[in-house]
Each structure stands twice: as structure tokens, then as C-alpha cells.
Amino acid sequence: MLQLDKLVRKSIKNLKPYSSARDEYSGSASVFLDANESPFNAPYNRYPDPHQTELKEIISKLKGVAPRNIFLGNGSDEAIDLLIRAFCEPREDNIIAIDPSYGMYEVCANINDIALRKVKLNADYSLNVDAIIEAADDHSKLVFICSPNNPTGNSLNQEAIIRLLSEFNGLVVLDEAYVDFAIEKSFLPRLLEFSNLVILQTLSKAWGMAGIRLGMAYATHSIISILSKIKYPYNINILTQQKAIDLLGNPSVKESWVKTLLAERTRLREELDRLPFVIEIYPSDANFLLVKMHDARGVYDYLVENEVIVRDRSKVTLCDGTLRITVGSPEENDALLAKLASLIH
Ligand SMILES: *Cc1c(COP(=O)(O)O)cnc(C)c1O
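Below is a short write-up of the structure.

So, how was this worked out
Residues numbered from 1 in each chain as written. Predicted model: local features only at pLDDT ≥ 70, side-chain atom pairs only at ≥ 80, totals over all residues. Heavy atoms only, no water. Pairing = 2+ DSSP bridges. Helix = DSSP H or I, 4+ residues; strand = E, 2+ residues; numbered from the N terminus. Contact = heavy atoms within 4.5 Å. Axes fitted to C-alpha atoms, helices over the stretch in contact; angles between N-to-C directions.

## Examining the sheet that holds strand E10 (residues 311–312)
Then, in step 1: In space, the 4 strands of this open sheet follow the order E8-E9-E11-E10, with antiparallel pairing throughout. Strand pairing shows two members of the sheet lacking a second neighbour, strand E8 (278–281) and E10, which therefore form its edges.
Then, in step 2: Helix-sheet contacts for helix H12 (residues 296–305) involve strand E9 (288–293), E10 and strand E11 (322–326), and the interaxial angle to E11 is about 40°.

As C-alpha cells, then:
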């Protein structure tokens, strides 16, 4: 059994969190004079619900996870930062992350003065559990893995993830930002089988709401309580809460967007495959394709000149000579393909 008390930083364990006006009185009333708010400009004059009760209720129903197992952040980036701040003693502890993967794990580690140990994926982009266990010591508090992984696009093997969960003596953070595009199922239904699992999801990708900044972390109630204790009291603003409640109430919209993008992903793969300078298109369970090509930088520069922007990943570990191309709308993909076709002649 995981001893969370031993993992969490001392200063956080002993922290008495800020108690807001809405914590001290959360019922209904006709006159609220307790928070130094303005009486004008309703509804924006009021502080948002610090516990996001209504929004969590909707996410709970949608995902089949109890509200007490949900943390909401200003993007999943907030959850990544808070996990590191809650569990890692600066200059003492370390975290492990797969390489290549999402850049924010490293940035948040650097900001918090926590050493990051990068563990390379295997050549086929699969998870090397033995190498992670070998890289870990008593000060390794968190392992970040990402499935489907950014920028490689593949889902990680579930048996390997389970082995990591059982062999690593800290928290395993599984970033599922792209899971809506994957054939492999989310780990969420199995959340409470593992006391050391944290799952991250986001509204930034399949849900089409990167602009409102809402990320979810799912874990045991003990872990969620620690994150809730250290977050800014009003971390999710009124506009975001309201917009998320509206869209999450209508998941069929998201499902139709995902369906379109999956069809476009297949079409894009077929069309790109015909181009003579394309060497390999890696399997993708996400809304992007990692494409290895001759002179990736040259192709990138040419596309920029033509106002089509993709991501050059050719300097990234195990990604030599690759561009990462997001699957766009049918029209955007047509524009990309037309520019690439004109490159041949
Ligand atoms: C895009 C992305 C996110 C999303 O982060 P937000 O802060 O929720 O926008 C998280 N993880 C990975 C791996 C991503 O690629």
C-alpha cells in the first residue's frame, strides 16, 4: 500500500490552506457582504465556486468517476506543476519522464528546481519499464508517462503501465491528453485499483476548448485533497466553468468532431504516403501524425513560407528528420497537401 504521507513534502503536509469567504459560508442567502465583492456587474462580480461543484458533477457523470476523485486545473499544465510542487522537495527529490514526450514535465521540473531523469523509449516508441525502475532511487517521487504519447503518437502498452504502477514506489502520472482519439481505452475505469495512479485529461484537444484552459486530474481522494489544498482558491474562473458546463453537457458534438478528425487522419496518412520525400509515417492514436522525411527542415521552411505551420521535431530524441503534423479540418488538410504536392515539381 502506498504511504502518501511519506511522499508528500513536509511543508505541504503541515500546510493550513487559505480559507475563502465561500469556504466559510457556502449556502444560499439574499445578501452577500462577506467577500468584498462589488454589488455591480452581475454575474461577474462574484468569485467563482472554488470547488467547482457543478462542473465536477457533470464530469463525474460523463466519466464515471466520483467528484472526490477529480481535480480541475487551469489546463493540465496546472496539475503537472502542482503534482511536482506537492511531492518534490526542491534540490533533493527528482522526477522521471519518458523521452521523447511532452515538454511541460521538464519545464515544471526546472521551475521547481527538481532534477528530471529522462528515460528513453525503446526504438519502436514502446515503454521501457526496466529502464525506468533502474533510473529510480529513494528520491524519485513521480514518473510522467503519456499515452498516446506526444510527439510519437503511439499508445503505450497497458500491461507495461500496470507493471510500472506495481514496481515504482511513487506516483505514476499518466497523461491521457489524446485518449479520445485512441483505440486503446482510457485507464480511467481502473483508476481506483491503483493507489499511486494519477490520470491527466484535458479539454484542449478533442473537446476543442484549448482557449478556456481546463484540465482534469483523477486520482485517489487522498491525492486529490493534497492538490486541492495547494491550488489557488479560485483557479477556474466563471467564464471557463460556464463554458465547460455548456459543452460537456453535449458530448455528441465532441464525438462528431473526433469522427471527422479520425477520417481525416486516415486520408492525410494515405496522401502523405504518396509523396516521394516521405520516408515513414508512424502509427498514430492521436490527432497528429509524426512523419519522417528527407530534409524535414527544408520542408518545414517551405511550408512556413507558404503560411502552413507544422511542428519541426527533427531535433527531438528518437525523432530525427520528423515533422509533427496536426490533423486539421478537411480544408486545412487540403491546403497542406496542395503545398506539399507543389514541392515535388
Ligand atoms: C496538449 C497537451 C496537454 C494539454 O495541456 P493543457 O494545459 O490542458 O492545455 C497535456 N499533455 C500533453 C501531452 C499534451 O500534448
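## Description of the pairing of E8
Then, in step 1: Relative to E9, E8 runs antiparallel, the two being bridged by 3 bridges. Across the sheet, the residue bridging to Glu 280 is Lys 292, located in E9.
Then, in step 2: Remark: 6 residues form the turn of the hairpin made by E8 and E9, two consecutive strands paired antiparallel.

## Focus: unusual backbone geometry
Then, in step 1: Following Ser 147, the chain continues to Pro 148 via a peptide bond in cis, the omega torsion being -5°.
Then, in step 2: Put simply, Asn 150 and Pro 151 share a cis peptide bond, and its omega is 15°.
Then, in step 3: Tracing the backbone shows Pro 151 in the loop between strand E4 (140–146) and helix H8 (158–167).
Then, in step 4: One non-glycine residue, Asn 41, lies in positive phi territory at about 75°.
Then, in step 5: Looking at where Asn 41 falls in the secondary structure, it is placed in the loop between helix H3 (21–24) and helix H4 (53–63).
Then, in step 6: The residue Arg 91 is not glycine, and still its phi comes out positive at about 65°.
Then, in step 7: Along the chain, Arg 91 falls in the loop between helix H5 (76–87) and strand E2 (94–99).

Shape is all these values report; function is a separate question.
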